[in-house]
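These are the residues of each chain, in order.
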Amino acid sequence: MTRPKKYHQKTQRTLGGATAKRNGKLTEELVDNLNSIYQGLGISFRLRKNFEPYIRCGFVRGGFKAVYKGSAEPDFTIWLDKLAGYLEVKGRDNHRIRKDVVDEHQMIQLLESQVQGHLGLILCKIQDKASGLSKWYLCDAFQWAESNIISFTGQDLISRKVGVECLLVPGTESPHILEALNRLYPSLNYNYLPDAQKHS
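Novice: With reference to specific residues and values, describe unusual backbone geometry.
Specialist: Only a minority of non-glycine residues have a phi that is not negative, and only a minority of peptide bonds are not trans. Within the chain, Lys-82 stands out as a residue other than glycine whose phi angle is a positive 65 degrees. Of the residues examined, Lys-82 reaches a relative accessible area of 81% and is grouped as exposed. Phi is positive for Asn-189, close to 50 degrees, though the residue is something other than glycine. Note on placement: Asn-189 falls in the loop between helix H6 (177–184) and helix H7 (195–198). On the basis of relative accessible area, Asn-189 is assigned to the exposed category, the value being 63%.

Laid out in structure tokens, this is it:
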């Protein structure tokens, strides 16, 4: 039996949404791992996951149905030594990421955080077009919002001064966002080293 065209379109959208959700979850897990990684190195660092505001409205096999009861905050609240703010995390299995992947409500909160003198950061993981390997980029929310293009490659993020490439914490698959923070904001000169190393 031949399926209607609309059925195939809906199926593709559903599969695409599921893939994006799965990629997003894996990306967030690599970021969440930074809590134990940095603390194990003696670095003052704390990430708190901001869970999406939904309520359960029924059950299905293997899970439950839910509906949103409000707009979501950025993915994480971040606390550093004398610094704090919001961090939104996005992962795409592609070499390009759309500007509007950060929704309006989340962007407003990121920008408000910056206006108040706090951090408003976007961390994204996308593929490098030349090598096909995934790379991380730490971005400034204001520069992201003010950009006049609808999507970014990694090169776009760097050349337009929206963000900087994030190296990995040695021996892990997680992005070294504290090292990248100083390259994103050179005047910040944030010393994230443990106290014992700051004065050595």
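Novice: Can you explain helix H3 (residues 104–115)? Please cite residues and give values.
Specialist: Over its 12 residues, H3 extends 16 Å from the first C-alpha to the last, a length consistent with the 16 Å expected when each residue adds 1.5 Å. For H3, the set of buried residues is Gln-106, Met-107, Gln-109, Leu-110 and Ser-113. Angular distribution of buried residues about the axis of H3 spans 160 degrees; they occupy a single face of the element. More than 90 degrees from the buried face of H3, the exposed residues found are Glu-104 and Val-115. Elements that come into contact with the buried residues of H3 comprise strand S5 (83–91), strand S7 (119–127) and helix H4 (141–146). Looking at where H3 begins, the residue whose side-chain oxygen comes 3.1 Å from the main-chain nitrogen of His-105 is Asp-103. Count one or two residues on from H3 and you reach Gly-117, which has phi positive near 90 degrees.

The rules behind each value
Residues numbered from 1 in each chain as written. Predicted model: local features only at pLDDT ≥ 70, side-chain atom pairs only at ≥ 80, totals over all residues. Heavy atoms only, no water. Buried < 20%, exposed > 50% of the residue type's maximum accessible area, 1.4 Å probe, protein only. Helix = DSSP H or I, 4+ residues; strand = E, 2+ residues; numbered from the N terminus. Expected span 1.5 Å × (residues − 1). Arc of directions from axis to C-beta. Contact = heavy atoms within 4.5 Å. Polar contact = N/O pair within 3.5 Å; in protein donor to acceptor, adjacent residues only side chain to side chain.

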